[in-house]
Amino acid sequence: MTTLTIQTPDDWHLHLRDADMLPETVPATARCFKRAIVMPNLVPPVTTAEMAMAYRQRILDARPAGSKFEPLMTLFLTNSTSAQDIMDAKAAGIVAAKLYPAGATTNSSAAVKQLEAMYPIFDVMQQQGMLLLVHGEVTDHHIDIFDREKEFIDQKMVHIVNNFPNLKVVFEHITTGDAAQFVQEAGDNIAATITPQHLLLNRNDLLVGGVRPHNFCLPVLKRNTHQQALRAAVKTGSPKFFLGTDSAPHAKEAKENACGCAGCYSAWSAIELYAHVFEDLGALDKLEGFASHHGPDFYGLPRNEGTITLVREDWTIPGEIELPSGKPIVPFFAGESVHWKLKA
Ligand SMILES: NC(=O)N[C@@H](CC(=O)O)C(=O)O
Ligand SMILES: [Zn+2]
Ligand SMILES: [Zn+2]
């Protein structure tokens, strides 16, 4: 096969950042995705409908001329989020709220410290038909970083899903066979996003032969058997799994640092990298479902009109990109060759 045409895809997990990052990040995603779930972990976090609407406008203003890219906004949950905040958000067109356990990841210190205290809020979300998006890792210091997702399933996720059977929950950026199996076996109210890095890499790519800060993201890459389980999950074509890049830019100096930031900036090559993986799996026929159908179907939104075409053509991801601030950033998979390219 030399070309591949699929219905226009969406990115169901994206960090656009803010201010002078938007002229970089918005075009990168808008080049092939029609919509994206925009994560709210700004500084300060997006905790009200008003903040989300102002952020949405800044994103719309950063679109390239003629672009119809549509940001789907989310609310950052804290232990101070009120029922009224949820109702206001719903009324403003916000589709989901994001649960970060406090301290789990980038800019999450203001997030949820006591998860069970959020249950009345989940109840309102369930009634309002707002989705719950979850960064699924426990944050207790004594729990090993490689076990934090599995512990979250056992301690928290099982109870959320069972207590709120009509709340749609997205288990974001899953990284383990345990999470894939949990999602597959649980009811129809739970689905998961999977990133390109967790399909392409395992923890050897982070640590063998020297530490590779550009492969560091959270949840951290796991052992090869988990990578294989995620690959097997997308290969089934199950509607419970869909595309969420978790593209999360940090300047080069913040990644190549004694305390490097977590996040991979994959937007410029994301759809190509997924095609690369699905080809490897002999499952190119499953890419369209994963990238363009399962997400909107789960969210209860219409599928996109139109198509994109990928061409089988080798190209090399650049080693560096210059941010609008003038600072360099190293894109995910820099210097590596990819077999598919978006047709201009
Ligand atoms: N995935 C990451 O490693 N980082 C994300 C936050 C997140 O999605 O957890 C970021 O905002 O940088
Ligand atoms: Zn996360
Ligand atoms: Zn993320």
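Scroll up for the structure.
In this text the structure is predicted, and so the values were computed from the model without any measurement.

Draft legend 1. Structural context of the site of ligand 1. As a structural note, the neighbourhood of ligand 1 is formed by 15 residues, with Arg17, Asn41, Thr105, Leu218 and Asp246 the closest of them. The side chain of His135 places a nitrogen or oxygen atom 3.1 Å from an oxygen atom of ligand 1. With respect to ligand 1, the side chain of Asp246 contributes an N or O atom lying 2.7 Å from a nitrogen atom. Notes on ligand 1: free accessible area 320 Å², of which the protein chains cover 100%. A class-by-class count of the residues in the shell around ligand 1 yields 4 nonpolar, 9 polar and 2 charged.

Draft legend 2. Layout of the coordination of the zinc ion (ligand 2). Around the zinc ion (ligand 2), the protein supplies His135 (ND1) and His173 (NE2) as donor atoms, at distances of 2.1 Å. Coordination at the zinc ion (ligand 2) comes from 4 donor atoms whose angles at the metal span 53 to 150°, giving a geometry best classed as irregular. In this structure, the zinc ion (ligand 2) lies 3.9 Å from the zinc ion (ligand 3). Of the two residues, His135 sits in the loop between strand E6 (131–134) and helix H5 (148–163) while His173 sits in the loop between strand E7 (169–171) and helix H6 (177–185), which places them 38 residues apart along the sequence. As far as the burial class goes, His135 and His173 line up, both buried.

Draft legend 3. Focus on the coordination of the zinc ion (ligand 3). Surrounding the zinc ion (ligand 3) are the protein donor atoms His13 (NE2), His15 (NE2) and Asp246 (OD), which sit 2.0 Å from the metal. Angles of 95 to 135° at the metal separate the 4 donor atoms of the zinc ion (ligand 3), which places the site in the tetrahedral class. Sequence spacing of the donor residues for the zinc ion (ligand 3), all on one chain, is H-x1-H-x230-D. The exposure class assigned to His13 is buried, which follows from its relative accessible area of 1%.

Rules used throughout
Residues numbered from 1 in each chain as written. Chains lettered and ligands numbered in written order. Predicted model: local features only at pLDDT ≥ 70, side-chain atom pairs only at ≥ 80, totals over all residues. Heavy atoms only, no water. Near = heavy atom within 4 Å. Polar contact = N/O pair within 3.5 Å; in protein donor to acceptor, adjacent residues only side chain to side chain. Areas by Shrake-Rupley, 256 points an atom, 1.4 Å probe, with all protein chains shown as cover. Nonpolar A, V, L, I, M, F, W, Y, C, P; charged D, E, K, R; others polar. Donors = N, O, S within 2.8 Å, 3.2 Å for Na, K, Ca; no water. Tetrahedral: all angles 85-135°; square planar, octahedral: opposite > 155°, others 65-115°. Helix = DSSP H or I, 4+ residues; strand = E, 2+ residues; numbered from the N terminus. Buried < 20%, exposed > 50% of the residue type's maximum accessible area, 1.4 Å probe, protein only.

In short, geometric facts, not functional conclusions.
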